[in-house]
Amino acid sequence: MNCKQNLIFILSLVYWPVLRLSIRDTRQCFTPPVPCDTIKEKSFQSAQRGYSHEFAIIGAGGTGGVLGGYLAHAGNDVTFLARGRHLQAMQENGLLIRTNHRGDIRIPKVKACTMDEYLQAKETPDVLFVCVKYYSLPDAIEFARHAAGKETLIIPILNVFGSGAVMQEKLPGLTALDGCIYVFAKIAEPGVIAQPQSILRVFYGFRPGQSQELRERLGSLRPSCARLTSMHISPTRSSAMP
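Described in the following lines is the structure provided in the data block. This is a predicted model, so every value here is computed, not measured. All residue numbers here refer to positions counted from 1 along the written sequence of the relevant chain. Only residues with pLDDT of 70 or above have their local features reported here, since the model is predicted, and side-chain atom pairs are shown and tallied only from 80 upward, although totals for entire chains, interfaces and linings are computed over all residues. Side-chain metrics in this entry use all non-hydrogen atoms of the structure; hydrogen atoms and water are not considered.

## Section: the overall build of the chain
The number of helices and strands found in the chain is 8 helices and 14 strands. Per-residue burial for the chain yields a buried fraction of 55% across its 242 residues. A contact between two residues is defined here by any heavy atoms of the two lying within 4.5 Å. For the chain, long-range pairs separated by at least 24 residues make up 73% of all intrachain contacts whose partners lie at least 6 apart in sequence. Each accessible area is a Shrake-Rupley result for a 1.4 Å probe, and residues are judged covered by the shown protein chains and nothing else. Working note: accessible area of the chain is about 11,800 Å², and carbon and sulfur atoms make up 49% of it. Only DSSP runs of H or I covering at least 4 residues are called helices, and only runs of E covering at least 2 are called strands; the numbering of each starts at the N terminus. Only protein chains enter the accessibility calculation, which uses a 1.4 Å probe; a residue is then buried when its area is under 20% of its type maximum, exposed when over 50%, and partly exposed in between.

This is the structure in structure tokens:
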């Protein structure tokens, strides 16, 4: 890991069925590596007509800013949970993602607040992405304990593998999956994310032996995530991973 370049590569061995969101180049469609069920045209059309989930993103830096930014730019309901000058800039000017492969992506109006403000509003997200450093995980767990509902999918995207199991142990009655991300991005300045490389791959799913009561709900994320780009998002297994 190169701290000077803020290169964020969270590389993990994934040994459970997952949903694969893979953007090799966000200008092009992704072709699944093995035969499998793909999003039907009807599903993508329903997404274009406005189908979406409510996403909450804890952390709006190089990981959460890119992930939430693309989701919001595609029309999904996204709330960024941030703080300080970065939060203030997003509230005043929206979010800007500077890329070398797509140019500038501007989301002029974003929903952004602190975790305390989110709790005070008594919001309950459908999906809670946890995109913080591992040392901030206890705060994220405490937030999830009060903000998440029984049907909320909690997906930690951290720089430490196994964070989902840690969260699950502390959050009985809720569903914390495991996840990882391949991305190269950083905060360039308050309200601005720099993504110099096009790589963006997100993996998430259930652990072996974990209750899959919300499996159908997990599958329903595909239309929302399909709005990131015209691409396929398909169920696959670890044998198909790069």
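## Focus: the environment of L67
With respect to the helices and strands, L67 occurs in helix 2 (residues 64-73). Among all residues touching L67, those that are not within four sequence positions of it are F129 and V202.

## Quick word on the pairing of strand 11 (residues 186-189)
Criterion used throughout: strands pair if DSSP finds at least two bridges between them. Relative to strand 12 (residues 192-195), strand 11 is paired through 3 bridges, and the arrangement is antiparallel. Each bridged residue has a counterpart across the sheet, and for K186 the counterpart in strand 12 is A194. Following strand 11, the chain reverses through 2 residues before pairing antiparallel with strand 12; G191 in that reversal takes a positive phi of roughly 85 degrees.

## Considerations on the side chain of D178
If you trace the backbone, D178 turns up in strand 10 (residues 178-183). When its relative accessible area of 4% is taken as the criterion, D178 is described as buried. In this structure the side chain of D178 is engaged in a polar contact, spanning 2.8 Å, whose partner is the backbone nitrogen of G164. Polar contacts, as used here, are pairs of N or O atoms within 3.5 Å; protein pairs need one atom able to donate a hydrogen and one able to accept it. Residues neighboring in sequence count only if both atoms are side-chain atoms.

## A few points about the packing of helix 5 (residues 137-147) against helix 6 (residues 163-170)
Two elements in contact, helix 5 and helix 6, have axes whose closest approach is 10 Å; the angle formed by their N-to-C orientations is 50 degrees. Here helix 5 is positioned oblique relative to helix 6, judged by the angle of their axes. Note on packing geometry: the crossing formed by helix 5 with helix 6 is right-handed. For the pair formed by helix 5 and helix 6, the contact residues are L137, A140, I141 and R145 on the first element and S163, V166, M167 and K170 on the second. The class makeup of the residues in the contact of helix 5 with helix 6 is 5 nonpolar, 1 polar and 2 charged. Interaxial angle, 0 to 180 degrees, is taken between N-to-C directions of lines fitted to C-alpha atoms, where a helix line uses only the stretch in contact. When describing relative orientation, an angle under 35 degrees is termed roughly parallel and one over 145 degrees roughly antiparallel, while 65 to 115 degrees is termed roughly perpendicular and anything else oblique. For a crossing to be left-handed, the near helix must be turned anticlockwise from the far one by less than a right angle; the clockwise case is right-handed. For this classification, Asp, Glu, Lys and Arg are treated as charged, while Ala, Val, Leu, Ile, Met, Phe, Trp, Tyr, Cys and Pro are nonpolar and the rest, including Gly, are polar.

## Remarks on helix 5
Buried residues of helix 5: L137, A140, I141, F143, A144 and A147, and no others. Angular distribution of buried residues about the axis of helix 5 spans 165 degrees; they occupy a single face of the element. Turned more than 90 degrees away from the buried face of helix 5, the exposed residues are P138 and H146. Throughout, the arc means the angular range of directions from the helix axis out to the C-beta atoms.

## Things to note about the sheet that holds strand 11
One open sheet accounts for 4 strands, arranged 5-4-12-11; its pairing is mixed. Taken across any chain shown, the strands that pair with only one partner, and hence form the sheet edges, are strand 5 (104-107) and strand 11. Mean inter-strand twist for the sheet, computed between neighbouring axes without regard to direction, equals 30 degrees. One ladder, built from 4 bridges, connects strand 4 (residues 95-99) with strand 5; its direction is antiparallel. Residue pairing in the sheet places L95 in a bridge with I107 of strand 5. Contacting strand 4, strand 5, strand 11 and strand 12, helix 3 (residues 84-93) crosses the sheet at an angle of about 100 degrees to strand 4.

## Focus: the sheet that holds strand 6 (residues 111-113)
Judged by pairing direction, the sheet is parallel, and its 6 strands sit side by side in the order 6-3-2-7-8-9 without closing on themselves. Edge strands, defined here as strands with exactly one partner in the open sheet, are strand 6 and strand 9 (175-176). The pairing of strand 2 (residues 54-58) with strand 7 (residues 127-130) spans 4 bridges and is classified as parallel. Residue pairing across strands places A56 opposite L128, the latter belonging to strand 7. Sitting on the sheet, helix 3 touches strand 3 (77-81) and strand 6, and the angle it makes with strand 6 is about 150 degrees.

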